[in-house]
Amino acid sequence: MSGFDAARNGRSAHAKAVLGPELYARLADTKVLLVGAGGIGCELLKNIVLTGFGHITLLDLDTIDLSNLNRQFLFRKKDVKQSKAMVAAKTASAFNPNVKITPIHGNIKEPHFDIAWFKQFDIVMNALDNLDARRHVNKMCMAANVPLVESGTAGYLGQVQPILKDRTECFDCVPKPTPKTFPVCTIRSTPSQPIHCIVWAKSYLLPQLFGEDEDTGGELDEAEKQGENAQEIAALRKEQTAFKAVRAALRSSESQGQGPSAAKMVFDKVFQSDILNLLSMEDMWCTRAPPTPLDFDAIVNHSFVLQKRADAGSPNGVHTNGQTSNGASAADASNATQENGANGASSSMAGASSSSAAKLKDQKSLSLKDSLELFVSSTERLAARVRAGEDTISFDKDDDDTLDFVTAAANLRSAAYGIPGKSRWEVKEMAGNIIPAIATTNAIIAGLIVLQALHLLRKSYNALRNVHVQFRPNLPLSTIRTSLPNPNCGVCRDAYTEIQCDPFRVTLSEVVEGILGSGEGDEDGTGSREVSVYEGQRVLSDPDWDDNNERTLESLNVTRGKFLTIVDEDGEWGTIQVGVGVLPLNHPVDGPALILPAPLPKPPRKPKPSTPTSAPVEPPTSVKRPAPDDDDDIVPLAKRPRTNDDIVSLAKRSRTNGDLDKSDLVTPSKKRKLDEDGLLLLETADETLEDVEVIEIE
């Protein structure tokens, strides 16, 4: 036996003994997709490499940050700013030379990662940290019928969920909490919490100054429709117009070399002019404390004084971020006293100052002047990047320039509104939606993922478990048997299929008619029927509106990696999800532009709702009344509650020629039109209405 063979056998001896020779031999040919190379991903990659999975594709779009190194052990300081997938693959390859790792630096939602691409894998393992990507991978695994192991951690807590189409719940079978949102006017005009100021700096101010130059009036239009304060919205529209001049100054090469002039222009616009404009609306401040406009030069000269607010936080007017009621830090207050010739700065204040200086930079409390200096510095750095050719800049918790800008802007706004400020570290956690990560939890979850993956590969479906890591010393791990799919799930209960086509030549009607088929046999689809067609939240066609039917898929922006959703108008058949793929590489040039699946999909019929039987009820004495005179007012009937079958989707309100159009609120459903006109359409001639006065129309 050669030395190489002896080393290989020694490496695999434990895995063979645990898994058995048959399963271990299968692992060498198993193709795994691992999505994510972060905290869980690093641990999981190490595990599956050492277990002996032979073909691993590792995908991640992120780069390595210094803050990753405390728990993502496959990376070193020299790797900072490099691709996580590339570095992790290179490091882990040394653990087992028999394993082939294919790293991909990319986004799993890119269109070329379509159904056909997912079908090449035997199992998918998720190590993601955001909800949107998890949902996407879940849907793709349902469409490709590939087993998935989902996972996640939050501090000491963690969970692992094995997912197998038609046998277990999918990721979307259980509704997930909706992310917290705030009213526009709260964020833009009347903040009351630190998070309001952070969201404003991150999601409003930064994009306004350094993002795409786009008309954000739609957000204000929507807020106005929702009934928010019209006076506030009018002020915000005026504020929005004034930003154009500020954006131009930041991008002008003439502003280079003039120190903080561009930054001062931004400061005066945002923290003085806009606040003065809001103060002019006296009604806004009848029940809340008004903000204080900030003065750039006065803050620089230590002469700026914030008006003392009734709700000032801590005793003696000191906020939790170290600011006194006039906006200066304790250290600034001490320095100002000494400059004015006053003696005897307290030893406690000096001690506090030295203690603050000893803190880590990111955890240091910022005075008003500190925030101003950081605002000027970060604004100039971002402006220089834009002048150098960077088109747009968006927030990234690992981008020092954007993090400094959001920290400074949020703290300045907090000071103006009398809200406690936050340290740079706290802002990074809140703006970056950072969930505390603990290496030990990641390691436990990674091991549990492999155990559930082995059950899936063995087809030991009865052994599958949802596993939870809990912060309970007496029961740190809990396991729950997997549940059957939710029959009302809008993801895993749909029928999935895939077409191969040239989207430049294939029309929408050709796809729909081809998928529905003739309905003559079990493999010939359901036959022609009335359907509505969607792509995402866009309605492309319905029985009363067929303008897009003869348009090509490409003209409708329905291309590779996207799904066409075919919904039965009568609610008798399940929904069909049609994945759009490309023609094979060897497809002849003069060949058909559309290749349909064989057999055609035949979704299950939906059971008709059963009518509950009950004791007969005495009919009302009369459901008629004489027709009123022309002068009488007729009060429309209250609309009956609509069911899911009545309204397929809110997307019908945005029917377009391929693009969303919020102004088009036409609803072609005849039943809905009758409802809106106050007319009630009875299902049968024998149907009666109880306790309702109606005019019966023959």
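Residue positions are counted from 1 within each chain, in the order its sequence is given. In view of the model being predicted, local features appear only for residues whose pLDDT reaches at least 70, and side-chain atom pairs are presented and counted only at 80 or more, with totals across whole chains, interfaces and linings using the full set of residues. Each side-chain value is worked out from all heavy atoms of the structure, with water and hydrogens disregarded.

**Details of the sheet that holds strand β9 (residues 495–501)**
Reading across the sheet, the 6 strands line up as β11-β10-β12-β13-β9-β14 and stay open at both edges, with mixed pairing between neighbours. Edge positions in the sheet fall to β11 (538–541) and β14 (594–595), since each has one partner strand and no second. Strand pairing follows a simple DSSP-based rule, namely that at least 2 bridges must link the two strands. Numbering of helices and strands runs from the N terminus, with a helix taken as a DSSP run of H or I at least four residues long and a strand as a DSSP run of E at least two residues long. Taken together, the 4 bridges between strand β12 (residues 563–568) and strand β13 (residues 576–582) define a ladder with antiparallel strand orientation. What sits directly across from leucine 564, in β13, is valine 578. Sitting on the sheet, helix α19 (residues 508–516) is in contact with β9, β10 (531–535), β11, β12, β13 and β14, with an inclination near 60° to β12. A contact between two residues is defined here by any heavy atoms of the two lying within 4.5 Å. For helices, the fitted axis covers only the stretch in contact; all axes are lines through C-alpha atoms, and the angles between them, taken along N-to-C directions, range from 0 to 180 degrees.

**Overview of the side chain of aspartate 568**
Structurally, the position occupied by aspartate 568 is in strand β12. Buried means the residue's accessible area, taken with a 1.4 Å probe over protein chains only, is under 20% of the maximum for its type, while exposed means over 50%, and partly exposed covers the values in between. Here aspartate 568 falls in the buried class, since its relative accessible area comes to 6%. Counted as a polar contact is a pair of N or O atoms within 3.5 Å, where, for protein atoms, one must be capable of donating a hydrogen and the other of accepting one, and residues adjacent in sequence contribute only when both atoms are in side chains. A polar contact is formed between the side chain of aspartate 568 and the side chain of arginine 529, at a distance of 2.9 Å. A polar contact of 2.8 Å, which involves the side chain of aspartate 568, links it to the backbone nitrogen of glutamate 572. Setting aside anything within four residues of it in sequence, one finds aspartate 568 in contact with Arg529, Glu530, Val531 and Trp573.

**Here's the deal with a nonpolar patch on the surface**
By definition, no residue in a patch forms a salt bridge, and every one has over 30% relative accessible area; like charges are joined within 9 Å, nonpolar side chains (Val, Leu, Ile, Met, Phe, Trp, Tyr) within 5 Å. For accessible areas, the Shrake-Rupley method is used with a probe of radius 1.4 Å. Any residue's cover is judged against the shown protein chains and nothing else. Here, a salt bridge means any Lys or Arg side-chain nitrogen found within 4 Å of an Asp or Glu carboxyl oxygen. Where nonpolar side chains cluster on the molecular surface, the patch consists of Tyr156, Leu157 and Phe471 and spans about 370 Å² of accessible area. For leucine 157, the position within the fold is in strand β6 (residues 157–163).

**Comments concerning the pattern of salt bridges**
If you walk through the whole model with that rule in mind, you get 22 salt bridges. Ionic pairing is found between aspartate 79 and lysine 78, a salt bridge with its closest N-O pair at 3.2 Å. Judged by relative accessible area, which is 66%, lysine 78 ranks as exposed. One salt bridge in this structure joins glutamate 150 and arginine 134, with 3.1 Å as the shortest N-O distance. Placement of glutamate 150 in strand β5 (residues 148–154) and of arginine 134 in helix α6 (residues 131–144) is noted, with a sequence separation of 16 residues between them. For glutamate 150, a relative accessible area of 0% corresponds to the buried category. Here arginine 134 falls in the buried class, since its relative accessible area comes to 15%. A network of salt bridges, in which partner residues are shared, links Asp362, Arg381, Arg385, Glu390, Asp399, Asp400, Asp401, Asp404 and Arg424.

**Considering the sheet that holds strand β8 (residues 477–481)**
If you walk across this open sheet you meet the 8 strands as β3-β2-β1-β4-β5-β6-β7-β8, and the pairing is mixed. The two strands at the open ends of the sheet, each matched to only one other strand, are β3 (100–105) and β8. With strand direction ignored, the average angle separating the axes of adjacent strands in the sheet is 15°. Alignment of strand β1 (residues 31–35) against strand β2 (residues 55–60), held across 5 bridges, turns out to be parallel. The residue of β2 that forms the bridge with leucine 34 is leucine 58. Against the sheet, helix α4 (residues 84–93) touches β2 and β3, its axis set at about 165° to β3. The strands that helix α18 (residues 439–458) touches are β4 (123–126), β5, β6, β7 (465–469) and β8; relative to β5, the one it contacts most, it runs at about 165°.

**Overview of the environment of valine 469**
Positionally, valine 469 belongs in strand β7. On a C-alpha basis, the gap between valine 469 and glutamine 159 in space is 6.1 Å, while along the polypeptide they are 310 residues apart. Contacts of valine 469, omitting those with residues within four sequence positions, involve Tyr156, Leu157, Gly158, Ile444, Ile445, Leu448, Pro476 and Leu477.

**Some words on the packing of aromatic side chains**
Note on ring pairs: Phe, Tyr and Trp rings are taken, using the six-membered ring of Trp, and paired if centres are within 6.5 Å. Classes follow the plane angle, with under 30 degrees stacked, over 60 edge-to-face and the rest tilted. Under the definition given, this model contains 13 aromatic pairs. Of the aromatic side chains, those joined through ring pairs into one cluster are Trp200, Tyr204, Phe210, Phe267, Phe271, Phe296, Phe375 and Phe405. Two conditions define a charge located above a ring, namely a distance within 6 Å from the ring centre to NZ of Lys or CZ of Arg, and an angle within 35 degrees of the ring normal. Over the aromatic face of phenylalanine 563 sits the side chain of lysine 139, whose NZ or CZ is 4.5 Å from the ring centroid.

**With respect to the packing of helix α11 (residues 261–279) against helix α15 (residues 368–387)**
Across the interface, α11 lies against α15 with an axial gap of 9 Å and an inter-helix angle of 120°. The angle between α11 and α15 falls in the class oblique. Judged by the twist between their axes, the crossing of α11 over α15 is right-handed. Here Ala262, Ala263, Val266, Phe267 and Phe271 of α11 lie close against α15, whose contacting residues are Leu372, Phe375, Val376, Thr379 and Glu380. Each residue receives one of three labels: charged for Asp, Glu, Lys and Arg, nonpolar for Ala, Val, Leu, Ile, Met, Phe, Trp, Tyr, Cys and Pro, and polar for the others, Gly being one of them. Looking at the contact of α11 with α15 residue by residue, the class counts come to 8 nonpolar, 1 polar and 1 charged. Any angle between 65 and 115 degrees counts as roughly perpendicular, while under 35 counts as roughly parallel, over 145 as roughly antiparallel, and the rest as oblique. In this scheme, a crossing is called left-handed if the near helix is turned counterclockwise away from the far one by less than a right angle; it is called right-handed if the turn is clockwise.

**A look at the environment of leucine 157**
Residue class for leucine 157 comes out partly exposed when judged on its relative accessible area of 43%. Along the chain, leucine 157 and threonine 441 lie 284 residues apart, while their C-alpha atoms are 7.1 Å from each other. With residues near it in sequence (within four places) discarded, leucine 157 still touches Gly152, Thr441, Val469, Gln470 and Phe471.

**Overview of the UniProt feature "active site" (unreviewed entry) in the protein chain**
UniProt positions are given in the numbering used here, feature names are shortened, and annotations may be inferred rather than shown by experiment. Per the UniProt record, the feature "active site" (unreviewed entry) sits at Cys185. Topologically, cysteine 185 is positioned in helix α7 (residues 184–188).

**Description of α19**
Where burial is concerned, most of α19 is hidden: 7 out of the 9 residues are buried. All buried positions along α19 are accounted for by Leu508, Ser509, Val511, Val512, Gly514, Ile515 and Leu516. At its buried positions, α19 is contacted by β9, β10, β11, β12, β13 and β14. The positive-phi residue at the C-terminal boundary of α19 is glycine 517, with phi of around 65°.

**Side note on α15**
An expected span of 1.5 Å times one less than the residue number is assigned to each helix. The first and last C-alpha atoms of α15 sit 28 Å apart over 20 residues, in line with the 28 Å expected at 1.5 Å per residue. All of the buried residues along α15 are Leu368, Ser371, Leu372, Leu374, Phe375, Val376, Ser378, Thr379, Leu382, Ala383 and Val386. Where α15 ends, the next residue or the one after it, glycine 389, has phi of about 115°, a positive value.

**Observations concerning the pairing of β1**
β1 sits mainly inside the fold: 4 of its 5 residues count as buried. Judged from the 4 bridges that link them, β1 and β4 form a sheet pairing that is parallel. The residue of β4 that forms the bridge with valine 32 is isoleucine 123.

**Description of the side chain of arginine 413**
Structurally, arginine 413 is set in helix α16 (residues 400–416). A distance of 3.1 Å separates the side chain of arginine 413 from the backbone oxygen of isoleucine 187, its partner in a polar contact. When near neighbours in sequence (up to four residues on either side) are disregarded, arginine 413 contacts Ile187, Arg188, Ser189, Pro191, Cys197, Trp200 and Phe271.

**Digging into the environment of asparagine 107**
Note that asparagine 107 resides in the loop between β3 and α5 (115–118). On a C-alpha basis, the gap between asparagine 107 and leucine 59 in space is 7.6 Å, while along the polypeptide they are 48 residues apart. Contact partners of asparagine 107, with chain neighbours within four places excluded, come to Leu59, Leu61 and Phe113. In this structure the side chain of asparagine 107 is engaged in a polar contact, spanning 3.0 Å, whose partner is the backbone nitrogen of lysine 109.

**A look at the packing of α15 against α16**
Their axes nearest at 8 Å, the elements α15 and α16 cross at an angle of 140°. Taken together, α15 and α16 sit at an angle that is classed as oblique. Crossing handedness for the pair α15 and α16: left-handed. On the side of α15, the interface is formed by Leu368, Ser371, Leu372, Leu374, Phe375, Ser378, Thr379, Arg381, Leu382 and Arg385, while α16 contributes Asp400, Asp401, Thr402, Asp404, Phe405, Thr407, Ala408, Ala409, Asn411, Leu412 and Ala415. Taken together, the residues of the contact of α15 with α16 break down into 10 nonpolar, 6 polar and 5 charged.

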